[in-house]
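The chain contents come next:
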Amino acid sequence: MASSMPAQARSEVGDLVAALVARARAAQAVAEGYDQARVDELVAAAGWAILEPGRNRALAELAVADTGIGNADDKVRKNHRKTLGLLRDLAGAKSVGVIAEFPELGITEIARPVGVVCAVTPSTNPAATPANKIINALKGRNAVIVAPSPKGWSTCARLIEHIHEQFARIGAPADLVQLLPNPVSKQSTAELMRQCDLVVATGSQANVRAAYTCGTPAFGVGAGNVAGIVDETADVQAVADRVLRSKTFDNATSCSSENSLVMVASIRDALVAALRARGAVLLDAPQKAALQTLMWPDGKLSPAAIGQSAARIAQRTGLAEVAAQQPSMLLVDEASVGDAHPYSGEKLSPVLALYTVPDFDAAAAMVARIYDHQGAGHSVGLHSQRPERALQLGLHLKVARVIVEQAHSIATGGSFDNGLPFSLSMGCGTWGGNNFSDNMNYRHYLNTTRISRPIPEKEPTEAEIFGTYFSKYGKA
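Here's a quick rundown of the structure. (Residues numbered from 1 in each chain as written. Predicted model: local features only at pLDDT ≥ 70, side-chain atom pairs only at ≥ 80, totals over all residues. Heavy atoms only, no water.)

1. Description of the overall build of the chain
Next, step 1: Scanning the chain from terminus to terminus reveals 17 helices and 15 strands.
Next, step 2: The globule rule puts the C-alpha radius of gyration for 476 residues at 23 Å, and the 24 Å found for the chain is close to it.
Next, step 3: By residue count, 56% of the 476 residues in the chain fall in the buried class.
Next, step 4: Excluding contacts between residues fewer than 6 apart, the proportion of contacts in the chain whose partners are at least 24 apart in sequence is 71%.
Next, step 5: As displayed, the chain offers around 19900 Å² of accessible surface, 54% of which is attributable to carbon and sulfur atoms.
Next, step 6: Of note, the chain has its 45 positive side-chain charges centred 3 Å away from the centre of its 45 negative side-chain charges. (Helix = DSSP H or I, 4+ residues; strand = E, 2+ residues; numbered from the N terminus. Rg over C-alpha atoms; globule rule 2.2 N^0.38 Å. Buried < 20%, exposed > 50% of the residue type's maximum accessible area, 1.4 Å probe, protein only. Contact = heavy atoms within 4.5 Å. Areas by Shrake-Rupley, 256 points an atom, 1.4 Å probe, with all protein chains shown as cover. Lys, Arg positive; Asp, Glu negative; His and termini not counted. Charge placed at Lys NZ, Arg CZ, Asp CG, Glu CD.)

Put into structure tokens, the structure is as follows:
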């Protein structure tokens, strides 16, 4: 990283970042004096910068043109839905001054800013993810400097131009939201991580590891590799609709898109037929081998497949007869897990591995194996008419979310028909190498000061604490 650069270059990068951070600190000092109404104006301004339909469309088309990932229509939907949902979550939320009172505990909670936030963002969502992080940071009266993926820089720059235009309308400091200059490098990103007050990193695990080791407090996300379980009670037609919606959205660029379906054997034929009826193509063994060569030519997932349509992937694989069918998804049968079986890992494309198992317990065990290989802590999908099975998964699988009978990539990051916070950053707990297991939200961008006042003393007796223990084991 930065240590491999010549000393003069390191100094220049450090000075450049220091100038950005100094401007951010000056702007944040202004915002720290804002009341809740003024903060909510900041939030609305940043939200309208991306939600306005003309700007949204232009940002989506620029993102696809510059990154070559996903499709513009779905990015329009994502920019709109994720931002509108976030604004709904933030409406009425307290983030200035006293935010909670607990008289019985003598506790008053006060929201305080964290300061200057470094927001590391991926090429898969070069507008929606920066917008989400910017809005959350502003809700806490923070300044934010975005370190985007190099491919996503131009889209992020355009977004921030629009935010500055909205800030000018309300008389807010433009330096509350800034961008690392182009070309973004590992060195400039690392220096920003080092100089800011909080790092929020979404994207590759390399970026997350860098965030966690930069010396600055950091939130990072875990690896995706979502599996969905389909049991013998599931409505296969509804499952096929949900999987199609989830797995094809934005060409499966989301970390929340299913990478595997683990099916109970009794419904396999019906479910595969339902997926085929919706345009999916099940590859035979030679076709599967050819696709594997395209997707993992050197053991690592290739950009040739990431965020591409199923038809384009088939074409690039040399499967002309498959490409001619304009498939919605490519399906492959899989039975094993691990590095020697790359279809058991994350694919970031409309390619779905199918596992067939005898019963629900075997399905849960297979998902556990998949997550021991990759994706622990993220989430699991469940399609079942037996509600107790969701609790079983929540009690035993290493996941932060169990998504029941929903289109997984739509639901995991919050939806208008579930109660999860709208977010594009999924904490995966210690299972996924993270220090949180929530959908990242505005509360992660706050410091909290607590006032403690005396309350009536409540000291327990020894019997109250140890009575049950002593009655069972004796007092020795």
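Now that the structure is up, let's keep going.
2. With respect to the sheet that holds strand β4 (residues 143-148)
Next, step 1: The strand order across the open sheet formed by 5 strands is β5-β4-β3-β6-β7, and the pairing between neighbours is parallel. Two strands lie at the open edges of the sheet, namely β5 (177-179) and β7 (218-220), each paired on one side alone. Strand-to-strand twist of the sheet, defined as the mean angle between neighbouring strand axes without regard to direction, takes the value 20°.
Next, step 2: Strand direction decides the pairing type here: β4 and β5, joined by 3 bridges, are parallel. The residue of β5 that forms the bridge with V146 is L179.
Next, step 3: Strand contacts of helix α6 (residues 153-170): β4 and β5, with the helix running at about 155° to β5, the strand carrying the most contacts.
Next, step 4: Contacts from helix α7 (residues 186-195) reach β3 (116-121), β4 and β6 (198-201), with the element oriented near 150° to β3. (Pairing = 2+ DSSP bridges. Axes fitted to C-alpha atoms, helices over the stretch in contact; angles between N-to-C directions.)

3. Thoughts on the packing of helix α14 (residues 360-373) against helix α15 (residues 388-396)
Next, step 1: Look at α14 against α15: their axes get within 11 Å of each other, and the N-to-C directions meet at 35°. Pair α14 / α15 crosses with right-handed handedness. The residues of α15 that touch α14, namely those facing F360, D361 and A364, are R389, Q392 and L393.
Next, step 2: Grouping the constituent residues of the contact of α14 with α15 by class yields 3 nonpolar, 1 polar and 2 charged. (Left-handed = near helix turned anticlockwise from the far one by under 90°. Nonpolar A, V, L, I, M, F, W, Y, C, P; charged D, E, K, R; others polar.)

4. Quick look at the side chain of E191
Next, step 1: Note on placement: E191 falls in helix α7.
Next, step 2: Residue E191 is classed as buried on the basis of its relative accessible area of 11%.
Next, step 3: Polar side-chain contacts of E191 include one of 2.8 Å to the side chain of Q195. (Polar contact = N/O pair within 3.5 Å; in protein donor to acceptor, adjacent residues only side chain to side chain.)

5. So, the state of the cysteines
Next, step 1: Here the structure, examined in full by the defined rule, presents 0 disulfides.
Next, step 2: In this model C196 remains outside any disulfide bridge; the closest cysteine sulfur is found in C118, 4.6 Å from its own.
Next, step 3: Judged by its relative accessible area of 6%, C196 falls in the buried class. (Disulfide = S-S within 2.5 Å.)

6. Section: the environment of M263
Next, step 1: Structurally, the position occupied by M263 is in strand β9 (residues 258-264).
Next, step 2: For the pair M263 and E232, spaced 31 residues apart in sequence, the C-alpha separation works out to 8.2 Å.
Next, step 3: Not counting the four nearest positions on each side in its chain, M263 is found in contact with V230, R268, L271, L354, Y355, T356 and V357.

7. Quick notes on unusual backbone geometry
Peptide bonds are mostly trans, and most non-glycine residues show a negative phi.
Next, step 1: Cis geometry marks the peptide bond from N182 to P183, where omega comes out at 0°.
Next, step 2: Inspection of the secondary structure assignment puts P183 in the loop between β5 and α7.
Next, step 3: One non-glycine residue with positive phi stands out, namely N251, at about 55°.
Next, step 4: With relative accessibility at 11%, the residue N251 sits in the buried group.
Next, step 5: The phi dihedral of A252 is positive, around 60°, even though this residue is not glycine.
Next, step 6: By the secondary structure assignment, A252 is in the loop between α9 (236-248) and β9.

8. Considerations on the packing of helix α5 (residues 128-139) against α6
Next, step 1: Running from N to C, α5 and α6 point in directions that differ by 35°, and their axes come no closer than 11 Å. Relative to α6, α5 is oriented so that their crossing is right-handed. Contacts between α5 and α6 involve P130, A131, I134 and L138 from the former and C156, L159, I160, I163 and F167 from the latter.
Next, step 2: The class makeup of the residues in the contact of α5 with α6 is 9 nonpolar, no polar and no charged.

9. What about the side chain of S260?
Next, step 1: Positionally, S260 belongs in strand β9.
Next, step 2: Apart from the residues lying within four places of it in its own chain, the contact partners of S260 are V226, A227, G228, Y343, K347, L352, A353, Y355 and I370.

10. Re α14
Next, step 1: Its 14 residues place the ends of α14 20 Å apart at the C-alpha level, agreeing with the 20 Å of an ideal helix rising 1.5 Å per residue.
Next, step 2: Those residues of α14 lying buried are F360, A363, A364, M366, V367, I370 and Y371. The buried residues of α14 occupy an angular sector of 160° when projected down its axis, which confines them to one face. Away from its buried face, by an angle of more than 90 degrees, α14 presents the exposed residues D361 and D372.
Next, step 3: Against the buried residues of α14 lie β8 (226-230), β9, β12 (351-357), β13 (380-383) and α15.
Next, step 4: Backbone nitrogen of D361 and a side-chain oxygen of the N-cap are separated by 3.4 Å at the start of α14; the cap is D359.
Next, step 5: In the segment just after α14, G375 is the residue with positive phi, at about 100°. (Expected span 1.5 Å × (residues − 1). Arc of directions from axis to C-beta.)

11. Thoughts on the pairing of β8
Consecutive side chains along a regular strand alternate between the two faces of the sheet.
Next, step 1: For β8, the buried fraction is high: 5 of the 5 residues fall into the buried class.
Next, step 2: Residues of β8 alternate between two faces, with V226, G228 and V230 on one and A227 and I229 on the opposite face, all of them buried.
Next, step 3: Taken together, the 5 bridges between β8 and β9 define a ladder with parallel strand orientation. Paired with V230 across the bridge in β9 is M263.
Next, step 4: Where the polypeptide runs from β8 across α9 and back to β9, its parallel neighbour, the crossover connection is right-handed.
Next, step 5: Here 4 bridges tie β8 to β13, and the two strands are oriented parallel to one another. Bridge assignment links I229 to a residue of β13, and that residue is L382. (Right-handed = clockwise from strand over helix to strand, strands pointing away.)

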